[in-house]
Structures are given as structure tokens and as C-alpha cells.
Amino acid sequence: MNHHTRPEGDVPRRRRTMALGAALSSCALVAGVSASAPASAGERHSPRPVDYVALGDSYTSGPLIPRQVDANCARSDHNYPSLVAARYKAASFTDVSCSGAKTDEMWKAQGTNGPQLDALKRTTDVVTLQIGGNDIGFGPIIGTCAALSSKDLTGDPCRQYYASSGIDRLALNILETAPKVARVLRAVHERSPHARVIVVGYPALLPDDGSGCYPSVPFAAKDFPYLRDTGKRLNQMLRLVAWLNRAEFVDTYGPSVGHDMCKAPADRWVEPLQPAAPAAPAHPNAKGMEASASAVLERLAKRSGRH
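If you're wondering where the values come from, they're calculated on a predicted model, not measured in any experiment.

1. Regarding the packing of aromatic side chains
Argument step 1. Counted by the stated rule, this structure contains 6 aromatic pairs.
Argument step 2. Both rings, one in Tyr59 and one in Tyr202, keep their centres 5.3 Å apart while their planes meet at 80 degrees; by these two values the pair is edge-to-face. Here the residue Tyr59 occupies a position in helix 2 (residues 58-61), and Tyr202 occupies one in the loop between strand 6 (196-200) and helix 8 (223-244), the gap between them amounting to 143 residues.
Argument step 3. Given a relative accessible area of 4%, Tyr59 falls into the buried group.
Argument step 4. Residue class for Tyr202 comes out buried when judged on its relative accessible area of 2%.
Argument step 5. Here a set of aromatic residues connected by ring pairs shows up, and it is made of Tyr59, Phe138 and Tyr202.
Argument step 6. Of note, Arg183 hangs over the ring of Trp107, and the distance from its end group to the ring centre comes to 3.8 Å.

2. Quick word on the side chain of Asp260
Argument step 1. By secondary structure assignment, the location of Asp260 is in the loop between helix 9 (253-256) and helix 10 (286-300).
Argument step 2. The class for Asp260 is buried, based on a relative accessible area of 0%.
Argument step 3. From its side chain, Asp260 meets the backbone nitrogen of Cys262 in a polar contact 2.9 Å long.
Argument step 4. Only 2.6 Å separates the side chain of Asp260 from the side chain of Lys263, close enough to count as a polar contact.

3. What to know about the environment of Asn245
Argument step 1. As for its position among the elements, Asn245 is in the loop between helix 8 and strand 7 (248-250).
Argument step 2. Reaching out from Asn245, the side chain makes a polar contact with the backbone oxygen of Val241 at a distance of 2.9 Å.

4. Digging into unusual backbone geometry
Argument step 1. Following Pro66, the chain continues into Arg67 via a peptide bond in cis, with omega recorded as -5 degrees.
Argument step 2. Relative to the helices and strands, Arg67 resides in the loop between helix 2 and strand 2 (68-70).
Argument step 3. Here the bond from Tyr214 into Pro215 is cis, since omega is 10 degrees, no more than 30 degrees from zero.
Argument step 4. Take Pro215: it is sitting in the loop between strand 6 and helix 8.
Argument step 5. Even without glycine at this site, Ala74 takes up a positive phi of about 50 degrees.
Argument step 6. When you line up the elements, Ala74 lands in the loop between strand 2 and strand 3 (75-76).
Argument step 7. Classification of Ala74 as buried rests on a relative accessible area of 18%.
Argument step 8. Look at Ala282: it is not a glycine, yet its phi comes out positive at around 60 degrees.
Argument step 9. Within the secondary structure, Ala282 sits in the loop between helix 9 and helix 10.

Parameters at a glance
- Each residue is numbered by its place in its chain's sequence as written, counting from 1.
- Under the rules for a predicted model, residues below a pLDDT of 70 receive no local features and side-chain atom pairs below 80 are neither given nor counted, while totals for whole chains, interfaces and linings still include all residues.
- No hydrogens and no water enter the side-chain calculation; it runs on all heavy atoms of the structure.
- Side-chain rings of Phe, Tyr and Trp, where Trp is taken by its six-membered ring, are said to pair if the distance between their centres is within 6.5 Å; with planes under 30 degrees apart they count as stacked, over 60 as edge-to-face, and otherwise as tilted.
- Only DSSP runs of H or I covering at least 4 residues are called helices, and only runs of E covering at least 2 are called strands; the numbering of each starts at the N terminus.
- In this scheme, a residue with accessible area under 20% of its type's maximum is buried, one over 50% is exposed, and one in between is partly exposed, where area comes from a 1.4 Å probe on protein chains only.
- Any Lys NZ or Arg CZ that is within 6 Å of a ring centre and within 35 degrees of that ring's normal is treated as a charge sitting over the ring.
- As used in this structure description, the phrase polar contact means that two N or O atoms lie within 3.5 Å; if the pair is within protein, one of them must be able to donate a hydrogen and the other to accept it, and residues adjacent in sequence are counted only when both atoms belong to side chains.

Geometry only, nothing functional implied.
And the structure:
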């Protein structure tokens, strides 16, 4: 297994910050992504046993997906880290992901779940991290946009609300979350200096073509593309922060296009606000976790690199 040897100081922090800001302001933030189906999650294997630690929020922990093994964190033993650990021959596996986690919970306890970074050791080989959604306010955004939809079902009342000051507050939230995620990655490298660190992005919650599905997902028609683009901005930020902090990035958005919460139950990997499968509203179901595991295993099968 290759290890990262590039010192963090190679790129001055000012240059990294400027690069991040410039890239996030570009049209690349809303560029299209591949919609190819993921490979089987059972076909990837580690060349040797590894020590694997999973950090993250509810998109990692898998609330309501059977079998729940931690009530405090709504953690499933069929979330993607558990699937990756089983199929990657992990010699040891520690999953401290927790529903509702923000970047702060990397350093502080969340109920009975200790600070997530405490799970890391100098001997840790692989770390996956999926964080940032709660920092930008995933839950409140969904609630706010659903409540505002009745004001103008054909318009974009949610976008108007978040841009009422002349600045898109969701885009600003994403920019403000970037240094928080970067701080987490620096801490991961400090605690596990030889680990392969992988940042996992978020899947497609809404149709990639900008179409809607009211009332199943109760947003106004023109807010669907606005919220889709917000999700893409979040993922692009995570990709850039990973690259600037000696980590790899796993795209789960691309493989999940066509499997968003507007699709029929048989086709979707993310459940709508009234789930038909055992999963939390607006969260991956078991098929979504399988797809995320496939994406992580695909990345692990490649040589270490910041792609």
C-alpha cells in the first residue's frame, strides 16, 4: 500500500485557500457527472489485512437500516463502512459514525459516542470520512424548503429565501464549512500519519435533470434545480478540500444519478420524506449503502492518489 509522503506545508495555506475559493466560484461547481452504475461491492479485496476506521454522519451510520447496532448514533451493521470492512478483509474495523454529527463531533462526544477522532491510532491504515452535510444544515434546509413550497409551487421560494440578502446563504455555508473539513483532515493525518484517507461525497438526493416530484418531495418546481446545485457545490467543495489536504475523494453522486428520492421504490437508493423502505427520510436505504460501498471499494482498489 502506498503512503502519502507530500508534506502538508508544500502548498502554503494562503494559496490553498485562494485555490479553493476560485474553484468554488467557477462553473465547475455545477458540472455534470457520470451516471454509470456501480460495480459489485463484493469483488474488491485488500492486498493485505488493514486497520480501518470510519468517521461520519448519518449518511455513513445508516439510521433505520436493519440491523441497528447503536441506538444513540442510529448506526447500522449494513452501512457502507461495514460492507467495506467485510469485503476489504479489514483486520480490525472501528465505526464511530453518528447520526447528526458535525465537524465539531470529531473532537467532542455526541451522547454516548466519544469524540470520533479518538478512534484513530498511529497504526490505522484506512480512514473514510463523510462529513459536512449537517454543518451546512441539511435537515433545516429540507424543512424550510418544504414549508415555503406552498407559497409558490411553480416558482423558487426556497432559493429566494436563502438569497434574500443578495448572497446565497447556502453557497456561503458551504464555503464556511470548507476550513472545518480541512481541519478534520489535518487532525486525521496527525493521529494516523500513514493512513490512506478517503473523503466520501454525498449521493444525489434529487433528479439530476432538475425535474421535481411534488408532493412526494414537497419542494416548489424551480427549487429542485436550486437544491440539486447546492448538493453539487457541497460535493465539489469536499473534493477540493480533500485534494488540498492529502486525501482522496470518492464520488457517490455520479453513480446515484437516476436513483434519487423521486424515483420509484424499486429504483431509488435514497428514500423520500415518507420512506417506503427502512431508512431515514432523505437518507440512503440499503441499496444506497451498497452503492456507496461499491464506490469506496472501487477507490481502494486503485493506487493511492488524490483523484
